[in-house]
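Structural overview for review
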Amino acid sequence: MEYESHREANMDPEERRLLDRKRAEESEQALADDLFGIGGGNVGFANNVAAGTGGVLILRDMKDHLKHAKAVGKCVKEHGKPHLALAMFREMLNECSSVLDDDSLNDLGKSLNVIRNTKIAEAKKLAQKKTAAQKPKKDKSAEAKAKKEKEDLFGDNDVYDEYDDYGAQYEDDFF
């Protein structure tokens, strides 16, 4: 620690500026690693990081965009933290908002709605499976046994006494 502070005190302005830039890049890389849940440098991006650009990713064509979108998507899927993925998408949209036009934004909205509807349908299907699994199955043998006991006790006919009819007739006649 003392050695580093002594070394920094003896640096010329150019060396100090390079050291500050290196520290800033390391902290930014640590934040990116935390966001994507990965370790190391530009994972999957080495081919498109141009020399002398300070580690800036250069996307030249559709192939580059799709390749790196899949790599980022894979990293996001692996860490499985939705709040970090949401923060990344919001920041990316804010940075790219000047490039996107109305049609692009409408298409993006449609894609998000399709994904959202798919997630809702999956959740409903899962909920239906859970409720179906929770319903107790009817024991048909126990039901048949109970029905047989009822028939033995009360008989197997629908003939009833006439007391209810007498009461109904009495109400009709006098009330």
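Notes on the structure in this doc start here. In this text the structure is predicted, and so the values were computed from the model without any measurement.

What counts, and where the lines are drawn
Residues numbered from 1 in each chain as written. Predicted model: local features only at pLDDT ≥ 70, side-chain atom pairs only at ≥ 80, totals over all residues. Heavy atoms only, no water. Helix = DSSP H or I, 4+ residues; strand = E, 2+ residues; numbered from the N terminus. Buried < 20%, exposed > 50% of the residue type's maximum accessible area, 1.4 Å probe, protein only. Contact = heavy atoms within 4.5 Å. Areas by Shrake-Rupley, 256 points an atom, 1.4 Å probe, with all protein chains shown as cover. Salt bridge = Lys/Arg side-chain N within 4 Å of Asp/Glu carboxyl O. Expected span 1.5 Å × (residues − 1). Arc of directions from axis to C-beta. Phe/Tyr/Trp six-rings, centres within 6.5 Å; stacked < 30°, edge-to-face > 60°. Axes fitted to C-alpha atoms, helices over the stretch in contact; angles between N-to-C directions. Parallel < 35°, antiparallel > 145°, perpendicular 65-115°, else oblique. Left-handed = near helix turned anticlockwise from the far one by under 90°. Nonpolar A, V, L, I, M, F, W, Y, C, P; charged D, E, K, R; others polar.

Before going further, it helps to spend a moment on the overall build of the chain. Looking only at helices and strands, one finds 7 helices and 0 strands in the chain. Reading the chain from its N end, one meets helices and strands in the order α-α-α-α-α-α-α. Within the chain, the fraction of its 175 residues that count as buried is 9%. Contacts in the chain between residues far apart in sequence, at least 24 positions, make up 27% of those at least 6 positions apart. When the accessible surface of the chain is split by element, carbon and sulfur atoms take 56% of a total near 15700 Å².

This next bit is on the pattern of salt bridges. Under the defined criterion, the tally for this structure stands at 1 salt bridge. The partner of Glu 14 in a salt bridge is Arg 17, and the shortest N-O contact between them spans 2.4 Å. With Glu 14 and Arg 17 both in helix H2 (residues 13-36) and 3 residues apart, the pair spans about one turn of that helix. On the accessibility criterion, Glu 14 (40% relative accessible area) is partly exposed. We classify Arg 17 as partly exposed; its relative accessible area is 40%.

With 15 residues, helix H4 (residues 82-96) extends 21 Å from end C-alpha to end C-alpha; this agrees with the ideal 21 Å at 1.5 Å per step. Those residues of H4 lying buried are Leu 84, Ala 85 and Met 88. Down the axis of H4, the smallest arc covering the buried residues is 100°, so these residues share one side. Those residues of H4 that are exposed and angled more than 90 degrees off the buried face are Pro 82, His 83, Arg 90 and Asn 94.

Right, let's talk about the packing of aromatic side chains for a bit. Inspection of the entire model under this criterion finds 1 aromatic pair. Taking the centre distance of 4.9 Å and the plane angle of 50° together, the rings of Tyr 170 and Phe 174 count as tilted. In this pair, Tyr 170 and Phe 174 are both assigned in helix H7 (residues 163-174), 4 residues apart and thus about one turn of the helix distant.

The next subject is the packing of helix H3 (residues 62-79) against H4. Two elements in contact, H3 and H4, have axes separated by 9 Å at closest approach and are oriented at 150°. The orientation of H3 relative to H4 falls into the category roughly antiparallel. Judged by the twist between their axes, the crossing of H3 over H4 is right-handed. Residues Val 72, Val 76 and His 79 of H3 touch H4, and the partners they reach there are Leu 84, Ala 85 and Met 88. Across the contact of H3 with H4, the residue classes break down as 5 nonpolar, 1 polar and no charged.

Note that every value here comes from positions in space, so none of it alone points to a role or purpose.
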